[in-house]
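Residues per chain are reported as follows:
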There are 2 protein chains.
Amino acid sequence: MRQIAGEVGVQAGALYNYTPDKQSLLFRLMRDHMDGLLAARAERGDGGGALDRLEDFTRFHIRYHIERPNEVFIAYMELRNLEPENFAVIERLRGEYESELEGILRDGVAEGVFHLTDPKIASLAVIAMLTGVNTWYRPQGRLTLDDVETLYWDMVRGAVGAAV
Amino acid sequence: MRQIAGEVGVQAGALYNYTPDKQSLLFRLMRDHMDGLLAARAERGDGGGALDRLEDFTRFHIRYHIERPNEVFIAYMELRNLEPENFAVIERLRGEYESELEGILRDGVAEGVFHLTDPKIASLAVIAMLTGVNTWYRPQGRLTLDDVETLYWDMVRGAVGAAV
DNA sequence: GTCTATATAGGGATAGAC
DNA sequence: GTCTATCCCTATATAGAC
């Protein structure tokens, strides 16, 4: 709290005009992040076949997360510091996001364009793979964000068993 | 330190007969974990074609990490609490592990059994996907560990562009 | 709305007795 | 090798002045 206050330019006590306690502040940060993620995702058109929707999801996920490294870092590293009720809320929001990907995968299987046995596990695997970009990507690196999107899209397409 | 002492059954001060300070204790935990991982990996035979070696790596990684949830949790969540020199050591060990996978992928490309453009990125993507199992797998769940290995091996094989 | 001051708690680490 | 006791620092949160 003192560090936040310092960077904002006030004393620690002054922060309590804006949050009842530290837990509420952390929870709001994480819930806002998840709300923003779901809202941004909802704005993307969900038309087209499963292959196109999966490509859109892949590129969206990488870009949205890379542009918000601090929020993503907190969303993962501070999960353990949420009180049980708050944790449940964040987990539910995360589940919503995962469900959208799972739906795309199920549709793709039904369409015959994806070949996989467990859409639920596949959705978790894909999201873990994509979010992993945040651990190594640097804007000054050898790859542009577009390069990264394309590399990962190739791997995701293969992982779900889409015809080459 | 008080919590560790309590679970061991001694007072906090007594721990300092075994570690000079908390940072050293954390560093030793993490270094031992990485040493154990590399040693266990080195014991697996590295013969055969790239496809077989990749399957072995995939199954090994999932199983080794699932059997050590606490160490893996610490290895990821406490990275930010390592002092710079200690951090560098852990990162070097992690890089060794990643390099082995990268080598398998390069060999597979050379053999013509894998089709991917960036073995380095692919190795990071695969490891992120595999380590993600630790966030959701529960021994009492609907899938056996062998089921999980097979599901992920199918996805890894696809992600690296191995012929179906 | 911010400040200073402070209550309260907890953690890392050390000293010295046994 | 462990204990008790304690030093010192930091942290969250509150109270009351301005």
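Since the model is a prediction, treat every value here as computed from it, not as a measurement.

Teacher, can you tell me more about the nonpolar core here?
Generally speaking, nonpolar side chains in soluble globular proteins are found buried as a group. By size, the foremost hydrophobic cluster in this structure holds 92 residues, and its most contacted members are Tyr152 of chain A together with Tyr152 of chain B. With near-sequence residues (within four places) excluded, Tyr152 of chain A lies in contact with Thr58, Ile62, Met129, Leu130, Val133 and Trp136 of chain A together with Ile121 and Ala125 of chain B.

Looking at this model, I keep getting lost on the protein's contact with DNA strand C. Mind explaining?
Close contacts around DNA strand C come from Val10, Gln11, Ala14, Asn17 and Tyr18 of chain A together with Met1, Arg2, Gly13, Tyr16, Asp21 and Lys22 of chain B, and that covers them all. Gln11 of chain A has a polar backbone atom sitting 2.6 Å from a phosphate oxygen of DNA strand C. In the model, a phosphate oxygen of DNA strand C is placed 2.9 Å from a nitrogen or oxygen of the Met1 of chain B main chain. In the surface near DNA strand C, the residues fall into five nonpolar, three polar and three charged.

It is not clear to me how the relation of the copies chain A and chain B should be interpreted in this structure. Could you clarify?
Expressed as a screw operation, the relation of chain A to chain B combines 0.0 Å of axial shift with a rotation of 180°, fitting to an RMSD of 0.0 Å. Such a combination of turn and shift is consistent with a two-fold rotation axis.

So what exactly am I meant to see when it comes to helix α5 (residues 84-111) of chain B here?
All names here are of chain B. Helix length check: α5, at 28 residues, gives a terminal C-alpha distance of 40 Å against a target of 40 Å (1.5 Å per residue), a fit within 8%. Of all the positions in α5, only Asn86, Ile90, Leu93, Arg94, Tyr97, Glu98, Leu101, Glu102, Ile104, Leu105 and Gly108 are classed as buried. Where the residues of α5 are buried, they touch α2 (22-43), α3 (50-66), α4 (69-77) and α6 (119-131). Gly112 sits one or two positions beyond α5 and adopts a positive phi of about 85°.

I keep staring at the interface of chain A and chain B and nothing clicks. Help me out?
One frequent convention defines the size of an interface as the accessible area lost when the parts assemble. Tallying the contact residues gives 23 residues for chain A and 23 residues for chain B. Carbon and sulfur atoms supply 67% of the area buried between chain A and chain B, which totals about 2100 Å² over both sides. Among the residues of chain A in contact with chain B, Arg80, Ile121 and Met155 of chain A are the three that bury the most area, contributing 26% of the side total. On the surface where chain A and chain B come into contact, there are four salt bridges. Measuring nitrogen to oxygen at the nearest pair gives 2.8 Å for the salt bridge that ties Arg142 of chain A to Asp118 of chain B. Summed over the shared surface of chain A and chain B, the result is four residue pairs in polar contact (both at pLDDT 80 or more). Counting residues per element, the ones that place at least two in the side of chain A that touches chain B are α4 (69-77), α6 (119-131) and α8 (145-159) of chain A. Examining the composition of the side of chain A that touches chain B, we find that seven residues originate from one element, α6 of chain A, more than from any other.

Please clarify how a nonpolar patch on the surface should be interpreted in this entry.
All names here are of chain A. On the surface, a cluster of nonpolar side chains totalling about 240 Å² of accessible area is made up of Ile4, Val8 and Val10. Mapping Val8 onto the fold places it in helix α1 (residues 2-8). With a relative accessible area of 58%, Val8 lands in the exposed category.

Quick question: what am I supposed to make of the pattern of salt bridges here?
Once their charged atoms are close, side chains differing in charge can pair, the charge on each being opposite to the other. Residues and elements named next belong to chain A. Following the criterion strictly, the structure yields 32 salt bridges over all chains and no others. One salt bridge in this structure joins Arg53 and Asp107, with 3.0 Å as the shortest N-O distance. With Arg53 in helix α3 (residues 50-66) and Asp107 in helix α5 (residues 84-111), the pair connects residues that are 54 residues apart, well separated along the chain. Take Asp107: its relative accessible area is 33%, and that puts it in the partly exposed class. The network of salt bridges with common partners includes Glu55, Arg59, Arg63, Asp146 and Glu149.

Mind showing me how you'd approach the packing of α5 of chain A against α6 of chain A here?
To describe two helices that pack against each other, one gives the angle between their axes and the distance between the axes. Residue and element names in this part refer to chain A. Two elements in contact, α5 and α6, have axes whose closest approach is 8 Å; the angle formed by their N-to-C orientations is 120°. It follows that α5 is oblique to α6 by the angle criterion. Relative to α6, the crossing made by α5 is right-handed. The residues of α6 that touch α5, namely those facing Tyr97, Glu98, Leu101, Glu102, Leu105 and Arg106, are Pro119, Lys120, Ala122, Ser123, Leu124, Val126 and Ile127. Class assignment of the residues belonging to the contact of α5 with α6 gives a composition of eight nonpolar, one polar and four charged.

Calculation notes
Residues numbered from 1 in each chain as written. Chains lettered and ligands numbered in written order. Predicted model: local features only at pLDDT ≥ 70, side-chain atom pairs only at ≥ 80, totals over all residues. Heavy atoms only, no water. Core = buried A, V, L, I, M, F, W, Y, C linked by side-chain atoms within 4.5 Å. Buried < 20%, exposed > 50% of the residue type's maximum accessible area, 1.4 Å probe, protein only. Contact = heavy atoms within 4.5 Å. Near = heavy atom within 4 Å. Polar contact = N/O pair within 3.5 Å; in protein donor to acceptor, adjacent residues only side chain to side chain. Nonpolar A, V, L, I, M, F, W, Y, C, P; charged D, E, K, R; others polar. Least-squares fit on C-alpha atoms with pLDDT ≥ 70 in both. Helix = DSSP H or I, 4+ residues; strand = E, 2+ residues; numbered from the N terminus. Expected span 1.5 Å × (residues − 1). Buried area = accessible area lost by both parts, 1.4 Å probe. Salt bridge = Lys/Arg side-chain N within 4 Å of Asp/Glu carboxyl O. Patch = residues over 30% accessible without salt bridge, like charges linked within 9 Å, V, L, I, M, F, W, Y side chains within 5 Å. Areas by Shrake-Rupley, 256 points an atom, 1.4 Å probe, with all protein chains shown as cover. Axes fitted to C-alpha atoms, helices over the stretch in contact; angles between N-to-C directions. Parallel < 35°, antiparallel > 145°, perpendicular 65-115°, else oblique. Left-handed = near helix turned anticlockwise from the far one by under 90°.

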